[in-house]
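Single-letter residue listing:
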Amino acid sequence: MKTRVAALLGAFAIVLAGCTVDGGSSDDSSAGGGEGMPDTITPIKARQAVYDTMQGKKIAFVPILYKGYNLTTEWGHTMERSFERMGAEFKVYDSNFDTDQMVKTINDLIAREAVDVLVLHNPDVGVLTQQIEDAADAGIYTVVINMISNASGDIFVGADVVGSAEDVAERAVTDCESRGAPKQVAVIDGPGNDAFSLQWNAGISNTFEEHGYEVVRTSHAQWQNSLANKAAMQILQQQKDNICAFMVTFDLNAIAVGDAVQDAERQGLIQEGSIGVYTMAAGAETCAAMDAGKVTATAAYDVTGIGSSIVAGTQQLLEMGNEPGSMHTISLLPHVVVDKTTMNEYTIACYTGN
Amino acid sequence: MFGIATRGVDAFPLTGRGWRDRLTPLQGISDVIGKRWMEGAVPLVLAAVLTTGVVFMTPVGATDAPLIMDEVAEKSLLAIGLTLVMVAGGIDLSIGSIVGCSSLAALTAFRVWGWPMEVVIPAAVILGAMLGAINGVLIAKMKMRPFITTLVTLVAFGGAAEALQSRYTNQLAFPKSDILWDFLGEGAIAGIPTAWAIFGIVLVVAHIGLTRSRWGWWVTAVGSDRRSARRNGIPVDRVVFLTYVLSGALAGLAGLLTAARLGRTDPAVGEGWELIALTAVVIGGVSLKGGRGSVVRAVAGMVVVAVILQASIAFTLEAGGYTAILALVLFSFAILDLKWGKYRLRIAEKLTIDPGRISVGPLVDVTEPGTVWSINSKLTDAPPIGLGTIEGAEDCALDDEGNLFCGDRRGWIWRFSGPDHTNGEVFARTGGMPLGHAWDRDGVLMVAVGGMGVYRVFPDGETKLVANQVRRSLTSLHDDSALRFADDLDTAPDGSIYVSDFSTRTNAAEYMVELVEYRPNGRIVRIDPDGSTDVVVSNYVFPNGICTSHDGQSILIASTGLFRVDRLWISGSKQGQFEPVMENLPGYCDNINRASDGNYWMSFIAMRTPMSDLLMKYPAVRRRMTREVPQDNWLVPQLNVSCVLKFDDQGNVLKVFWDKSLENYPMVTSINEHAGHLYLCGLLNNRVGRLQLDPEDVGDIDPRLVPGTTGRSLPFSEVAR
Amino acid sequence: MGAVATAPRTEFSLRQRLAHVEQGLFVFGMTIALCVVGALTTDGFLSLNNLSSILQLSVTFGILGIAAAIVILGKGLDLSLAAVAIVTAQVTLELMRRDLSEGRAILLVVLFALVIGLVNGFVVAFVEVPALFTTLATGQLVLGGVLVLFLEENIYSLPEGSAIAVLTDGSILGVPRAVLVGALVFLLGWLFISYTSVGRLIRAMGDNFDTARAMGAPVRPLQVLTYVVAALLAAFAGYVMISTENSVETTGTAFDPLLFTAVTVAVIGGVSLSGGKGTLLGVLAGTLFVGVLNNLLVLHSFSTATQDIVRGALLLAAIALDAWLHPRDEETAKTDEL
């Protein structure tokens, strides 16, 4: 018996000794590219240098949703126009809200080292952490857009969500005060663990706390219109006129919430015009919804600008040729609160996705 | 695969055919697809082909192997659990949500509640097991239907996961580091990633558990037939309950691993995994009807699914495309599994009869007057023993006190007390078909029992197995280890027993198939005194009689199919040589026994006819006959002649006795001489005949004694065990 | 009358007596009890507005429940129902987006649904693949295939003023049109199952497949018929769904909550998964029960997650009750009856 125990302990010790935690060996192969541009260069040569750098580079864009979604197609088309003209390969990998699929796609691209730059759209602050590190190890640059991650990519470009939320909440407060409505609002966000929802909630609570407003309900609609619609209907049935605004993180969800509000008005559940729907971003559909009175106001941020920034940032990364993962930058883009009457005054509102 | 395993002396050349006639291609195919493991092998081979095709035709390559393996390791845990549940006749759709629950609970416990990892790891698995136990209680104890129940729990557990996630959304999103957590997600055990190692251990344990342990057999029994399982005392409810608990625990483990690897904190973790596991399990040939399935095959199915998934990603197919392809695969494999399961045995059965070609010599005309063969009626009036009580005594033996022991096709051995043999009683019951009888050196009765092997029968009627198998030949597809059709035996001076085994393929009850097939499937087996067995002659066509020669140096073997008698030297200068004694006889030979005057007795069970000779040349006709004509109408040698001949060691036929009328002895299969009488046995007779021999035919040898021995110390009735 | 001996009364256990009560009535009773509880504990539950909203929201899964029930009555199972409903809505709207007239789009899509039903029925009845696998696969195939090959948008909204919108728009004589549509489908389904010979044969087939076949019932064509009817009803449910919800997304899965609700509505209503047992009145009762339950959960501010848990627990209780009232005969039950 003793020998058996000893043998077991020995075996266990050997197994334990064999256990390792992979720290991630750093692979020094970089994505190639230059050492930055020379101090002086003629205009024609400068253009040629950019084209030479970009020639044959492979860039992959992995959005949460692509097909039929103005936001990501806007970026996709911008990148396509730019990169393909310069002789780089550009490809979009649509995850269609399937996080499993997205992670697998990214893993596959990293494993096959099939790309030089990964443009990521992160559904959940935690989920791509490992992938961003792996990409750096594999010598691949990562450009994270709009949805920031716990792990920093080489570049982050996106909206100032907290700022947008603060500003549009300010607008909601103004509207509510003018109606003399109760100081209560409801929030409908995404899954809740994503950068957008986290920042949105932080932003609106900044404003609402300042004005003494209370968030009575926060529903996670998982970016799904049907869920957003149902959540709004439920809140309306429970709260009726006790709230004055819906703060919806995702503009397309806001349209569904607007539908629910209009249905409730039609059914006489609430008074007409007693509840506003506020969101951020202003694609063409959102503008149409504002026109139809479903969405009250939105913080339109520079979506086209994000597309352009990705293009510029990618070129900068490849021209500088720093080792992937060695430097991290985060840039935020401007926004403006628009409503039905003002939406056509700003170029950054009502983008079409082309 | 189509050949014949040759051991000892190869008797195939006696058929007069070349190597091509050794091959039995159709039978080979039938043997292969009739194997039990073929049930899963065909879908699996197709899956392997599909996988290989995908790997070669898409950008998926070696670099993707670790990713595929990650996927396989995690989701196979679900497939293994689902296999257990399905083998026990249930289904578990809730595993996807259990993954979500345990994954989010592990993350919450670690990141929000700050539990130490040493607690979180077992807790996640236990949580899975507890959720599985809910399913188990509902299904096993409350007798709810598994499908609808787990469909509901799928939604309910999903709700629980979502509730947990939305309660702690903000805190959940921010990672915490821990050595154990990293070990689970990115670590390795002896170079093997942790998740793979865990999966490997689970796979081995589950496979051994399901196939080698009592509990595994219970699971299979419950799934195959719940009622029989309960009646056999298997605790059905407990087994079913446990399968759900295990399935839940494995899903919990998968959830823990995925949490460590990806750290996803949205409530959709695990969503749709149950369908992926189900697809893998179906590809692996696990039956929805229960009782059939293997975890290894389920894992192979998961490999296929993972490879397809990887290919769809490498091809940048949208998520919908992957779903659609997976559905198509599920569809085709469900149909394939169903149809293959249904038709496999039918095809095997259709191909299993594969007649061969035999060359035979010219036919001797026995009706020609003036030859030794002249038909007479010498047997007709032999007085009967046991008339009406015996059914089909193939052979008999007589002891020193004159008692007659003979077989009966109902499995009994009769004893008719000597010397008048009027009182008969059932002496022993074998349970098989007692055929050849002989005495061994110690005076104990030996019986070749068709379908069972060789038995010793002691004076108290007890039977004891001597041998029923030989070592299986390595090159034979067919399991030829059993003595399926031992039909005669005799003892050699050294105490070893020689047994003729009519066929290595067919049981005694199906001898008609052998007669149509006409393949050299028979063999002679030697059983040494220590009980070990060896094949001494193989590829022999229907050995049906065996007899040690008077000098004890050779054995004589009668071939029913080739109308001949051969001699195998077993000692002396010619030891090991094989030579013909009589060839091209006019009838189908049966048992040989020694005569008291130094010659041998042999019987024919049927006579050759021009028709039967002709059929030998046309195997295709015989195959068609087996397919299109009922067995009663098959043209095979008709067992309806009584013909006894005496021949000498050189193979000269000395005398032939007939029952021309066929009234009393429609067939004679064996003749035993004792004290001036011939005892006539026949497999289709209702009696044993006792024919008084002419004094000129009687010598002074006791044919019952093993040659070379001088008599026994004790009579049979006093032989000790 | 004293001369007449009283016949010995057979004593029935509570369970036996309950088992003989039509489960539909039982569930109606439970629904009413739930309504009473709701009225006592919840403000505004009894308002006309709320009651009509309960009915309107129940129409989609009620119709799908009928579809599920018809297949289950014939001893089948159709897991592609939700997929068919979702795809119907998506494809019709996509066709309309491509400037096809609404009528033609609907015609094409209904033909498509018919084909799906035929494929399901053919594979189950003639190829003899278990219905569970067949319909799971067709559902996924249709959803995935249509998404990849045909759809170009992520969210489809119903154009203003389309005929589909009219389906649930407004009310007639104070009764919401959606409710009338639902009632009509229930009535037709009930007449079909209870009073036509085809309906009776379907039930006979579900009750005892072998006997029905031995009796000469055309079991295979009947099976195909049940799947076709179910697919067409699912397509109709799809139209009702977009008509009430105004939009449909492309992220649906074959295990959509809609499918789950449809199957459970049928099961709660007493349509036993073993086939043959149950009526469409029971399905109606089940629909109302789930509708009222959903409403109460919403009015009591349960989150969607908690709602799923509560609903799951209640459904399990209902199924457990069914298992208790109609226990499987352990001696004759086949193991493959899932």
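Reading guide: rules and limits
- Residues numbered from 1 in each chain as written.
- Chains lettered and ligands numbered in written order.
- Predicted model: local features only at pLDDT ≥ 70, side-chain atom pairs only at ≥ 80, totals over all residues.
- Heavy atoms only, no water.
- Helix = DSSP H or I, 4+ residues; strand = E, 2+ residues; numbered from the N terminus.
- Buried < 20%, exposed > 50% of the residue type's maximum accessible area, 1.4 Å probe, protein only.
- Contact = heavy atoms within 4.5 Å.
- Areas by Shrake-Rupley, 256 points an atom, 1.4 Å probe, with all protein chains shown as cover.
- Lys, Arg positive; Asp, Glu negative; His and termini not counted.
- Charge placed at Lys NZ, Arg CZ, Asp CG, Glu CD.
- Axes fitted to C-alpha atoms, helices over the stretch in contact; angles between N-to-C directions.
- Parallel < 35°, antiparallel > 145°, perpendicular 65-115°, else oblique.
- Nonpolar A, V, L, I, M, F, W, Y, C, P; charged D, E, K, R; others polar.
- Buried area = accessible area lost by both parts, 1.4 Å probe.
- Salt bridge = Lys/Arg side-chain N within 4 Å of Asp/Glu carboxyl O.
- Expected span 1.5 Å × (residues − 1).
- pLDDT = per-residue confidence, 0-100.
- Domains from an automatic or database assignment.

### A closer look at the overall build of chain A
Part 1: When its secondary structure is counted, chain A shows eleven helices and 13 strands.
Part 2: Referenced to the eigenvectors of the C-alpha coordinate spread, the extents of chain A come out at roughly 80 × 70 × 35 Å.
Part 3: Out of the 354 residues in chain A, the part that is buried amounts to 58%.
Part 4: Here the contacts in chain A between residues at least 6 apart in sequence split such that 78% fall between residues at least 24 apart.
Part 5: When the accessible area of chain A is evaluated, it comes to approximately 13700 Å², of which 52% is carbon and sulfur surface.
Part 6: Computed over 21 positive and 45 negative side-chain charges, the separation of the two mean positions in chain A equals 7 Å.

### A few points about the packing of helix H8 (residues 177-195) of chain C against helix H9 (residues 197-207) of chain C
Residue and element names in this part refer to chain C.
Part 1: In the contact formed by H8 and H9, the axes pass within 5 Å of each other and the chain directions differ by 70°. Put simply, H8 runs roughly perpendicular to H9. Of H9, the residues touching H8 (which contributes Phe-192, Ile-193, Ser-194 and Tyr-195) are Ser-197, Val-198, Gly-199, Arg-200, Ile-202 and Arg-203.
Part 2: Within the contact of H8 with H9, the residues separate by chemical class into five nonpolar, three polar and two charged.

### Some words on the interface of chain A and chain C
Part 1: In this assembly, 15 residues from chain A lie in contact with 21 residues from chain C.
Part 2: With both chains or domains summed, chain A and chain C bury close to 1800 Å², and 41% of this area falls on carbon and sulfur atoms.
Part 3: Taken as a group, A:Lys67, A:Gln234 and A:Gln237 account for 29% of the area that chain A buries against chain C, more than any other trio of residues on that side.
Part 4: Across the contact surface, chain A and chain C share zero salt bridges.
Part 5: Every element with two or more residues in the side of chain A that touches chain C is listed here: helix H8 (225-239) and helix H9 (251-267) of chain A.
Part 6: The element best represented in the side of chain A that touches chain C is H8(A), accounting for five residues.

### What about helix H14 (residues 295-314) of chain B?
Residues and elements named next belong to chain B.
Part 1: When the terminal C-alpha atoms of H14 are compared, their 28 Å separation across 20 residues agrees well with the 28 Å that a helix rising 1.5 Å per residue should span.
Part 2: Of all 20 residues making up H14, 17 are buried, and the element is well covered by its neighbours.
Part 3: A positive backbone phi angle near 50° is found at Thr-316, which sits one or two residues after H14.

### Structural notes on the pattern of salt bridges
A pair can form between side chains of opposite charge whenever their charged atoms are brought close.
Residue and element names in this part refer to chain B.
Part 1: Applying the stated rule across the entire model yields 48 salt bridges over all chains.
Part 2: Linking Glu-71 and Lys-75 is a salt bridge whose minimum nitrogen-to-oxygen distance equals 2.6 Å. Separated by four residues within a single helix, Glu-71 and Lys-75 lie in helix H3 (residues 65-87), roughly one turn from each other. One exposure class covers both Glu-71 and Lys-75, and it is buried.
Part 3: Where Glu-579 meets Arg-567, a salt bridge forms, and the shortest distance between an N and an O atom there is 3.9 Å. Of the two residues, Glu-579 sits in strand S20 (residues 578-582) while Arg-567 sits in strand S19 (residues 564-569), which places them twelve residues apart along the sequence.
Part 4: In the salt-bridge network here, residues are joined through shared partners; they are Asp-597, Lys-646, Lys-655, Glu-696 and Asp-697.

### What about the interface of chain B and chain C?
Part 1: Contact residues are listed per partner, giving 51 residues for chain B and 43 residues for chain C.
Part 2: Between chain B and chain C, the buried area comes to about 4600 Å², and carbon and sulfur atoms account for 73% of it.
Part 3: When the buried surface of chain B facing chain C is broken down by residue, B:Arg145, B:Phe147 and B:Leu288 rank first, second and third, together holding 16% of it.
Part 4: Remark: the boundary between chain B and chain C carries one salt bridge.

### Topic: the confidence of the model for chain B
Part 1: With 98% of its residues at a pLDDT of 70 or more, chain B shows a mean pLDDT of 88.
Part 2: This complex was scored by the predictor with a pTM of 0.79 and an ipTM of 0.86.

### Side note on the domain arrangement of chain B
Part 1: Under the domain assignment used here, chain B contains domain 1 (27-171 + 178-349) and domain 2 (384-472 + 481-718).
Part 2: For domain 1 of chain B versus domain 2 of chain B, the distance between C-alpha centres works out to 58 Å.

### As for the confidence of the model for chain A
All names here are of chain A.
Part 1: Of all residues in chain A, 90% attain a pLDDT of 70 or more, and the chain-wide mean is 87.
Part 2: Ranking the elements of chain A by mean pLDDT puts helix H1 (residues 2-18) last with 63 and strand S9 (residues 245-248) first with 95.
Part 3: In this model, residues 23-33 is a region of pLDDT below 50 whose contacts with residues beyond four sequence positions or in other chains number 19 contacts.

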